[in-house]
Amino acid sequence: MMAIILCRFRCTRQNLPRHLFVRTKVTLTVGIAKETYNVWESRAPITPDQVERLQRSSHERIRFLVQPSAQRIFSNQQYQLAGAELNEDLTKADVILGVKRPKDPSDLIPHKTYVFFSHTTKGQPENMRLLQECLQKKIQLFDYEKMVSPASTGKVQRLVSFGRFAGMAGTMDSFHALGRRLLHRDGANTPLLACPPALMNHTLDQARERVKQMGERIAVEGIVAVTGKGGTVHGGVMEILDLLPHEIVTIDDLPQLVSKERSGDKREPERKIYVAPIGTSDVYEHCSANVKFDRNDFRAHPCHYRPLFASRVAPYVHCIINAVYWDPRFPRLLTKEQIRRQFERGNDRLLLLSDITCDVNGSIEFLERTTTIEEPFFNYDPLTGTEVSTGIGTSGITVLGVDILPSELSRESSAHFGEAVSHVLEQILTTKDEEKVSHDGIDTSLLSPGLAQSCLTNSDGKLESSYRYLYAMLEKAPPMNRLHRTMNLALKGHLFDSGLINLIADSVVDNGCTLSFEECIIPSAKPFSGQSMSSVVLKIAGPDDDVLKAVEEQVESLVRIIQKAEATVVRKDALKPVAVKDNPIEQRVLLLGAGLVSRTVVSFFGKQDHLKIIVASDSDKSSRATASVSSNAEAVTIDVHKDPSSLSTLIEASDAVISLLPAPIHPLIAHQCLRHRKHLITASYESEEMRSLGDNAKRSGIIILNEVGLDPGLDHMSAMKIIDDIKSRGGKVTNFSSYCGGLPSPDAANNALKYKFSWSPMGVIRATKNDARYRKDEQLFEIAGADLLSHATPFHYAWPDLALEHLPNRNSLAYEDIYNIKGAATVYRATLRYQGFSAIMDIFKRLGLFEETPLKGSTWIDVIKEQTHNFGDTGSLHGFLLSKTGNAELASVAFQTMERFGMTSVRPVPTSSSLVDAFCKVLENNMQYERHEHDMVLMHHTIEAIFEDNSLERHQSNLRVLGDETDSAMSKTVGYTTAAATKLILDGSLRNHSGLLLPTFPAIYEPVLEQLAGEGIVFDDDVSVSSRQWIQED
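Residues numbered from 1 in each chain as written. Predicted model: local features only at pLDDT ≥ 70, side-chain atom pairs only at ≥ 80, totals over all residues. Heavy atoms only, no water.

Trainee: Please clarify how the overall build of the protein chain should be interpreted in this entry.
Mentor: Within the protein chain, the secondary structure is distributed over 33 helices and 39 strands. In the protein chain, of all internal contacts separated by at least 6 residues, the share reaching a separation of at least 24 is 72%. Of the roughly 45400 Å² of accessible surface on the protein chain, 49% is carried by carbon and sulfur atoms. (Helix = DSSP H or I, 4+ residues; strand = E, 2+ residues; numbered from the N terminus. Contact = heavy atoms within 4.5 Å. Areas by Shrake-Rupley, 256 points an atom, 1.4 Å probe, with all protein chains shown as cover.)

Trainee: Quick question: what am I supposed to make of the pattern of salt bridges here?
Mentor: When the charged atoms of two side chains with opposite charge come close together, those side chains can pair. Within this structure, the stated rule accounts for 39 salt bridges. R129 serves as the salt-bridge partner of D104, at 3.2 Å between the closest nitrogen and oxygen. Remark: R129 occurs in helix α4 (residues 128-136) and D104 occurs in the loop between β4 (95-100) and β5 (113-117); sequence separation between them is 25 residues. Judged by relative accessible area, D104 falls into the partly exposed class, the value being 30%. The partly exposed category is assigned to R129, whose relative accessible area is 48%. Between E285 and R306 there is a salt bridge whose closest N-O contact spans 2.9 Å. Taken together, the positions of E285 in strand β12 (residues 284-286) and R306 in strand β13 (residues 305-307) put the pair 21 residues apart, joining distant regions of the chain. (Salt bridge = Lys/Arg side-chain N within 4 Å of Asp/Glu carboxyl O. Buried < 20%, exposed > 50% of the residue type's maximum accessible area, 1.4 Å probe, protein only.)

Trainee: Would you take a moment to explain the environment of T682 for this structure?
Mentor: Here T682 shows up in strand β28 (residues 679-682). Classification of T682 as buried rests on a relative accessible area of 0%. Beyond its immediate stretch of four places on either side in the chain, T682 contacts S659, H666, L705, N706, E707 and V708. Within the structure, T682 has its side chain in polar contact with the backbone nitrogen of S684 (distance 3.3 Å). (Polar contact = N/O pair within 3.5 Å; in protein donor to acceptor, adjacent residues only side chain to side chain.)

Trainee: In this structure, what is going on with the packing of helix α29 (residues 877-885) against helix α30 (residues 888-900)? I would like to understand it.
Mentor: Close contact between α29 and α30 brings their axes to 8 Å; oriented N to C, the two are set at 140°. Classified by the interaxial angle, the pair formed by α29 and α30 is oblique. For α29 against α30, the interelement crossing comes out right-handed. Residue-level contacts link L877, H878, L881, L882 and T885 of α29 to A888, L890, A891, S892, A894, F895 and M898 of α30. Within the contact of α29 with α30, the residues separate by chemical class into nine nonpolar, three polar and no charged. (Axes fitted to C-alpha atoms, helices over the stretch in contact; angles between N-to-C directions. Parallel < 35°, antiparallel > 145°, perpendicular 65-115°, else oblique. Left-handed = near helix turned anticlockwise from the far one by under 90°. Nonpolar A, V, L, I, M, F, W, Y, C, P; charged D, E, K, R; others polar.)

Trainee: Looking at this structure, how should I read helix α28 (residues 860-867)?
Mentor: Residues lying three or four places apart along an α-helix face the same way, a consequence of the helix completing one turn every 3.6 residues. Looking at α28, one finds that the buried residues are W860, I861, V863 and I864. Taken end-on, α28 shows its buried residues confined to a sector of 160°, consistent with a single buried face. Where α28 is buried, its residues touch α29, α30 and α31 (915-926). Within two residues after α28, H869 carries a phi angle of roughly 55°, on the positive side. (Arc of directions from axis to C-beta.)

Trainee: When you look at the confidence of the model for the protein chain in this model, what are you seeing that I'm missing?
Mentor: It should be kept in mind that the predicted coordinates are not to be read in detail where pLDDT is low. Per-residue pLDDT for the protein chain has a mean of 83; in total, 89% of the residues score no lower than 70. This stretch, residues 434-438, has a pLDDT under 50; its non-local contacts, to residues over four places away or in other chains, come to ten contacts. In this model, residues 574-584 is a region of pLDDT below 50 whose contacts with residues beyond four sequence positions or in other chains number 25 contacts. (pLDDT = per-residue confidence, 0-100.)

Trainee: So what exactly am I meant to see when it comes to the sheet that holds strand β38 (residues 995-997) here?
Mentor: Think of a sheet as strands paired side by side through backbone hydrogen bonds, with each pair either parallel or antiparallel. Sheet architecture is open: seven strands sit in the order β26-β25-β24-β27-β28-β29-β38, paired in parallel fashion. Both edges of this open sheet fall to β26 (633-637) and β38, since each of them pairs with a single strand only. Across this sheet, the average inter-strand angle for adjacent strands is 20°, counted without regard to direction. Pairing analysis gives two bridges linking β28 to strand β29 (residues 703-705), with the strands arranged parallel. Looking at the pairing, L680 lines up with I704 of β29. Contacts between helix α19 (residues 620-627) and the sheet are confined to β25 (611-617) and β26, with β26 contributing the most and set at about 170° to the helix. (Pairing = 2+ DSSP bridges.)

Trainee: I tried to follow the nonpolar core on my own but got confused; where do I start?
Mentor: One broad rule of soluble globular proteins: the nonpolar side chains tend to lie buried together. With 82 residues, the main nonpolar core has F64, Y144, L491, L500, L538 and I540 as its most contacted residues. Broken down by element, the residue count for this core peaks at seven residues, all from helix α13 (residues 410-429). No fewer than three residues from each of domain 1 (28-147 + 411-475) and domain 3 (485-524 + 533-571) sit in this core. Residue contacts for F64: discarding those within four places in its chain leaves V30, I32, I46, V51, L54, Q55, A84, E85 and L425. Grouped together as the second largest cluster of nonpolar side chains are 64 residues, M720, V733, Y819 and A969 included. (Core = buried A, V, L, I, M, F, W, Y, C linked by side-chain atoms within 4.5 Å. Domains from an automatic or database assignment.)

Trainee: Sorry if this is basic, but what is going on with the sheet that holds strand β10 (residues 246-248) here?
Mentor: Taken in spatial order, the eight strands of this open sheet run β10-β11-β9-β14-β15-β18-β16-β17, and their pairing is mixed. Two strands lie at the open edges of the sheet, namely β10 and β17 (386-390), each paired on one side alone. Mean inter-strand twist for the sheet, computed between neighbouring axes without regard to direction, equals 25°. Inspection of the sheet shows strand β9 (residues 223-226) paired to strand β11 (residues 273-277) by four bridges, in the parallel sense.

Trainee: Could you clarify how one ought to interpret the packing of aromatic side chains in this entry?
Mentor: The way to describe two aromatic rings as a pair is by their centre distance and the angle between their planes. According to the stated counting rule, one finds 25 aromatic pairs in the structure shown. Taking the centre distance of 5.0 Å and the plane angle of 15° together, the rings of F366 and Y380 count as stacked. Residue F366 is located in the loop between β15 (352-355) and β16 (377-381), and its partner Y380 is located in strand β16; the two are separated by 14 residues in the primary sequence. Here the two residues F366 and Y380 agree in accessibility, since each one is buried. When the centroid spacing of 5.2 Å and the interplanar angle of 80° are considered together, the rings of F795 and Y797 count as edge-to-face. Here a set of aromatic residues connected by ring pairs shows up, and it is made of Y739, Y774, F781, F795, Y797, W799 and Y828. The lysine or arginine in question, K776, covers the ring of Y828, its NZ or CZ lying 4.8 Å from the ring centre. Its guanidinium or amino end placed over the ring of Y815, R829 lies 4.1 Å from that ring's centre, counting from NZ or CZ. (Phe/Tyr/Trp six-rings, centres within 6.5 Å; stacked < 30°, edge-to-face > 60°. Lys NZ or Arg CZ within 6 Å of the ring centre and 35° of its normal.)

Trainee: Would you explain the pairing of β4 in this entry?
Mentor: Working note: regular strand, side chains alternate between the two faces of the sheet. For β4, the buried fraction is high: six of the six residues fall into the buried class. For strand β1 (residues 28-32) and β4, the ladder comprises three bridges, and the chain directions are parallel. Bridging from a neighbouring strand, I32 pairs with L97 of β4. Sheet topology note: the β4/β5 ladder contains four bridges and is parallel. Across the sheet, residue V95 finds its bridge partner in β5, namely T113.

Trainee: Would you mind showing me how to read unusual backbone geometry here?
Mentor: Glycine aside, negative phi is the norm for most residues, and most peptide bonds take the trans geometry. The peptide bond linking D711 to P712 adopts the cis configuration, its omega dihedral lying at 15°. When you line up the elements, P712 lands in the loop between β29 and α24 (714-728). Within the chain, H111 stands out as a residue other than glycine whose phi angle is a positive 60°. Tracing the backbone through its elements, the reader meets H111 in the loop between β4 and β5.

Trainee: Explanation requested: the pairing of β25 in the structure shown.
Mentor: Taken across its seven residues, β25 has six buried, putting it largely inside the fold. Sheet topology note: the strand β24 (residues 587-592)/β25 ladder contains six bridges and is parallel. Note that in β25 the partner of L590 across the bridge is I614. Note that β25 and β26 share five bridges and pair parallel. The residue of β26 that forms the bridge with I614 is E634. Running through α19, the crossover from β25 to the neighbouring parallel element β26 is right-handed. (Right-handed = clockwise from strand over helix to strand, strands pointing away.)

Trainee: Can you help me understand the packing of helix α32 (residues 969-986) against helix α33 (residues 1002-1014) in this one?
Mentor: In helix packing, the relevant descriptors are the interaxial angle and the interaxial distance, both defined with respect to the helix axes. Where α32 meets α33, the axes come as close as 9 Å, and the angle between the chain directions of the two elements is 125°. As the angle between them shows, α32 and α33 are arranged oblique. Between α32 and α33 lies a crossing whose hand is right-handed. Across from Y976, T977, A980, A981, K983 and L984 in α32, the residues of α33 making contact are A1003, I1004, P1007, V1008, Q1011 and L1012. Residues that form the contact of α32 with α33 fall into these classes: nine nonpolar, two polar and one charged.

Trainee: Just checking my understanding: could you explain the side chain of H806 for this structure?
Mentor: Here H806 is to be found in strand β34 (residues 804-808). Separated by 2.7 Å, the side chains of H806 and Y828 make a polar contact. With residues up to four places along the chain from it excluded, the contact list for H806 reads Y739, H791, A792, T793, P794, F795, Y828, A830, T831 and L832.

Trainee: What am I meant to see in the environment of E426 here?
Mentor: Position of E426 among the secondary structure elements: in helix α13. Since its relative accessible area comes to 36%, E426 is described here as partly exposed. Distance from E426 to I62, taken between C-alpha atoms, is 8.9 Å for residues 364 residues apart in sequence.

Here you go:
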């Protein structure tokens, strides 16, 4: 009966005398604002059920005013039935709640208390107008992001977090996109196609059920990497993935999974998805090889660490779900350049990036913008580095970047949100006088510290003490044309608790400078506790260096005076990652040569602050251009033949010498290095003259390291990595074949030879004259240089999109000793070219154009007539070519090529010392790369081995590198390799070695290959295992 009476009272209260409601007097009016930030934002800060419960539990001391909204997940009627009042006007509210900040800050009502996500505490420029509006209107602003509560571990945690729901929604949205991409790539009609986005489900339970049903029908294998292991977002992702048949794997398992997939196994795919949860320690390592990963050190000094994601994860997965916390202090997981290089190598496994963190150009750099729920995807082309279309697309990488993913599960996320907000309102209620409602805002001294610290501005129109540093962002900046100079100051300590940051901001403004936050980490913890050390990097702009120096000195003085801050300050005008060494000191590298490869070497060393690079060549212009790549480099002009004294001085002042000069000059340089006991590194083949210096080098305690380029260099290292692995498991190499070539990229291979030159063609011509010696299937082959070009064979072991041929390369059998593979049935090394190259070059060779004989004739047609004895009996050059080749098509192509070169006309022959010299000039003039064209480097190994159980392993290793606008593929593969090997010597990693070395042992090839992977030079390895049977090669 009592319940019935109470219900009647509640329903008819407006008709009853006011004295009956003394005990239910309203003391706090809460407004719920409609969301205007995004049309798809359907969340609410508190649900109708929570409204009803709060009114009941507070004995109706809390009342609610709700702005009507059609986009909110809960209807206006639901709030009315819960006891709230619908009203567009919230001026009677004491506290106004929202989820997101309002789209138009002018909509804020003066003298009110607001609670929403403001995104202002890092001085975000786009939201400074919002903050200014709050101050001018004397609004008290609380920010959910700064609300914290104690955790059972003694640490603090965010009071409100939507991460779990973002993770769940993002994962469900990814399924359909992944299904579409697999359909286009493999023609696979998978159950993923039937999975609707999270938004299409009425409830989370319904969404879960649909995912389960999809899992029952799944019959594909895919590899999904999930970053942010241990975080709330990651937990939401795994909550959905757990509904599918899946297997948890580590990133160490990924290469084997991909190898198994490529092995040609025709079995039915397993009914599961492979999931690789990734923690920070999995994808970052300390720059010093002997220092283990330490989470606390990583957070404090992220520049001491380098990312491994591009080499350990990205090449192997179909989908990345990014849930990792990131800010600009940390190295990116995956850059645009790294993913471009991966796709250039032909590795396009990565189909989908679901970036739930939504850090634009953040940890995954190619998230270039956020997306909307209406258009959640865009298609990114890694090769061009651009967005090519909205939607899922059929190639490249599909990118999801919705910044309000929890809105797709708005009913459940609002309920979660509202539980936390309910506790906030209950706490605010305790600060109110029961007999009157205050209009002076909320007394933060009566709130818990975790809630009080979330108040940014007060009702007096001022920033709260912890956020006074934001005044510097709000001050009208001096005219930008006066602020020519900037500096960065890195501070760590109790910067906000002590008020130090506010004093620093005042000092900056008083000196006529501006202040912005490059980095800002403000932990949530009890003031002056060990956990409350903040870390910031301030970018200060001023009119000149003197003013900045004065500000720097004032900041240093404040750090000393405010002792309770326990602060440190370091000026860091160049915040770039550097390798960490014990007591690093400046080292000097002398780089001899200033060609294209040298530029890449300087670029590599430019990342090392403690290194000075001296670029020396006989061309002042070239030296300066190469040195301009890095601020750590300087140019010197020297002719090493004519000025040995200056060369000696430069070598004496250096810690290591890199010679990229022609190989015949290396012994001259080596003698000077021996004299001054300085290390020497070259990319050239080890000559007999260099070998004769080995004992002297060992006695002097220096290293002379040769063959650390592409070929030779990378071929040694990649091959020996496989060979040593085979031997370590008791295997014996039975077949070894290695192929390498520097070629135009396919779109640049647009002439008959399908070849172009970036330097003198003489080296290519000389290589076609070398004798070749190799063994194949236990049969010895010896080919005279005169016949080499006629022994080209089609290549079909990799890159089916390219029509390639291979030519035997010198004495392959010398590598039996170098690689310790004596007894192998096949030992073969070859040069790669596009098909047709060798046949045409062979015709030029038969015409005598490769001979170092004097020119006979002043025009090309005269020279050709002389070389062909006036075309023999045929009467024409075309007829002569046909008679020599017996192939009409080949003769026509050769004739047309010579015609295009001007060699069938009365065009004058360039002044030259010999026929081959003149021909080289023709090739150089007609076969140069155009400005928009790029080169390509290819390398392939096939290595077979037999084991004691008679099993046979076949290893295939592929490298494909494309040049770009900055560097050619050749300069990358040679330059980065040479530089990485030099860095090993400078770091002391080879301190136990001396004498003449090749990069054929693990102490060199392991760290060098690892460093090259960081530059995007990564081998794609595949292993197949079978019973003993010989796999024949042509």
